[in-house]
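Understanding the architecture of this molecule
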Amino acid sequence: MMVEERLSLRVHSCRFMSQLLVTGGAGFVGSHTCLALLQANHRLVVLDNYVNSSADSLERVCDLVGLKDRDALKVVQGDVRSPDDLNRVFQLSDKPIEAVLHFAGLKAVGESISSPLHYWDINVTGTRCLLQAMQSYGCKTIVFSSSATLYGSPKTLPITENSLVDPTNTYGNTKAAVERLLRDLVASEDSWRVACLRYFNPVGAHPSGTIGESPQGIPNNLFPVITKVALGQIDKLKIFGGDWPTEDGTAVRDYIHVMDLAEGHCFALELLQREDPQLLVMNLGTGTGYSVLEVVKAFEKACGVNVPYEIINRRPGDVACTIADPTLAQKKLGWRTKFSLDAMCLHSWSWQKDNPNGYIN
Ligand code: NAD
Ligand code: UD1
């Protein structure tokens, strides 16, 4: 079956059409989730300060959806830490905002270690300001972008939601702190509906190659580096470590296609709206791990390009292997990832090839 056919079968129709706030909706995961939410007939207000994104992503989302009613996607440039900006978004639509998908935040591990005050300000204070505004407008449903990074170096695999939360870097500490704040909120008032979605390694792009990941500056993550090597923008991939205790000596990760992740958000939102108020904490991963060398080989084969590489020392802070146990999300949400590693490679490549400088043309 063609990818496009599979996609059209997979467009998920949520039972509830809601007015939603999407913070950080112009970013990588946010823009793909906006697409899925619009396809499910939700109406969105996006709040983003474009610190790591561009308004172009949302323009392209509108085109992809074929959005006729432009009021279905309102975009406000602003900061989650600003009460004024939050008031603007909560007062923007005729219908009250029923739920928030909170993507806004900073995610670079190295930068988080050198700038802890900034990371705690944006990720933790930003979330506290958002929750304050939600409470004052009587909006008590939130889907939060958490991360598998909060498991640190796992003792056993696959990683379940009950595995130890033991982050090894500042970024992970901020995610763990927000999860704790959300837990306290739910304990204080039982009308809150909260989902903490712990993503594993989001990669890929929309199959059209129209929207994708557009990191600012030199990329750190594996897929953006591989696509830039394939395009000739970077000489070669430096593989961090060939002496990990894995089959081929390179580190193993659970890569998840960003469209599968987007669909997971729709399902989690629907569950929160359908069921009694609750705190949901769940892994979003595929349950399958691939080594760096396996990814390189898969990419070369699927895309018909060469990815020169060199194995160098391990990157400080890296771990050998992270693989999700996605059973809880599968059971509670009825959600299954559908995109293969080949599709993740192909779609990342289509995006990069057609948009060599990301959204900057
Ligand atoms: P991204 O940087 O592409 O998107 C984040 C968006 O938030 C950007 O559009 C940015 O401009 C916006 N933003 C940042 N600070 C803001 C502020 N103060 N006010 C308003 N907007 C602000 O990142 P992403 O990959 O789409 O990640 C989205 C969320 O998912 C983040 O919270 C991230 O920590 C989390 N997450 C990402 C990954 C990943 O690998 N991509 C993995 C686990 C968790
Ligand atoms: C990193 C972050 C994690 C964050 C995630 C998504 C660290 C320690 N962890 O995860 O907190 O949630 O990104 O933003 O930074 N690799 C290479 N060469 C490269 C790039 C990566 O060999 O140039 C390897 C890495 O060593 C790793 C794998 O590829 O084994 C995946 O790396 P990456 O995409 O950066 O994700 P993580 O390190 O898993």
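Every chain is numbered independently, its residues counted from 1 as its sequence is written. Chain letters start at A and ligand numbers start at 1, both assigned in the order the entries are written. Under the rules for a predicted model, residues below a pLDDT of 70 receive no local features and side-chain atom pairs below 80 are neither given nor counted, while totals for whole chains, interfaces and linings still include all residues. Computation of side-chain values: all heavy atoms of the structure, hydrogens and water removed.

1. Examining the side chain of Asp 48
Looking at where Asp 48 falls in the secondary structure, it is placed in strand E2 (residues 43-48). To sort residues, take the accessible area from a 1.4 Å probe on protein chains only and compare it with the maximum for the residue type: under 20% means buried, over 50% means exposed, and anything in between is partly exposed. For this count, His and the chain ends are skipped, Lys and Arg are scored as positive, and Asp and Glu as negative. In the sections that follow, a salt bridge refers to a side-chain nitrogen of Lys or Arg positioned within 4 Å of a carboxyl oxygen of Asp or Glu. Comment: no salt bridge for buried Asp 48; closest opposite-charge side chain is Arg 81, at 11 Å. Here a polar contact is recorded for every N or O atom pair within 3.5 Å, except that within protein the pair must consist of a potential hydrogen donor and a potential acceptor, and residues adjacent in sequence are included only if both atoms are side-chain atoms. In terms of polar contacts, Asp 48 uses its side chain to reach the backbone amide nitrogen of Tyr 50, at 2.7 Å. Setting aside anything within four residues of it in sequence, one finds Asp 48 in contact with Gly 24, Gly 25, Ala 26, Gly 27, Ser 53, Val 76, Gln 77 and Gly 78. Only DSSP runs of H or I with at least four residues qualify as helices, and only runs of E with at least two residues qualify as strands; both kinds are numbered from the N terminus onward. Any two residues whose heavy atoms approach within 4.5 Å are treated as being in contact.

2. Some points on the pairing of E2
Of all six residues making up E2, five are buried, and the element is well covered by its neighbours. Relative to E2, strand E1 (residues 19-23) is paired through five bridges, and the arrangement is parallel. Bridge pairing links Val 22 to Val 46 in E2. Handedness of the β-α-β unit built from E1, helix H2 (residues 28-39) and E2 comes out right-handed. By this definition, two strands are paired if DSSP reports at least two bridges between them. Across five bridges, E2 lies against strand E3 (residues 73-77) in parallel orientation. By the bridge assignment, Leu 44 is partnered in E3 with Leu 73. Convention used here: a crossover is right-handed provided that the path from the first strand, over the helix, to the second strand proceeds clockwise when the strands point away from the viewer. In this region the chain leaves E2, passes through helix H3 (residues 56-65) and returns to the parallel neighbour E3; the handedness of that crossover is right-handed.

3. Notes on the site of ligand 1
If a single non-hydrogen atom of a residue is within 4 Å of a molecule or strand, that residue counts as near it. Around ligand 1, a shell composed of 26 residues is seen, among which Asp 48, Asn 52, Ser 53, Lys 107 and Tyr 171 lie nearest. In this structure, Phe 103 approaches ligand 1 through a main-chain N or O atom, which is 2.9 Å from an oxygen atom. For the shell around ligand 1, the elements supplying multiple residues, two or more each, are H2, strand E5 (141-147) and helix H7 (170-188). With three residues, the top contributor of residues to the shell around ligand 1 is E5. In terms of residue class, the shell around ligand 1 is built from 12 nonpolar, 10 polar and four charged. Under the scheme applied, nonpolar residues are Ala, Val, Leu, Ile, Met, Phe, Trp, Tyr, Cys and Pro; charged residues are Asp, Glu, Lys and Arg; polar residues are all the others, including Gly.

All quantities given are derived from atomic positions and should not be read as evidence of function.
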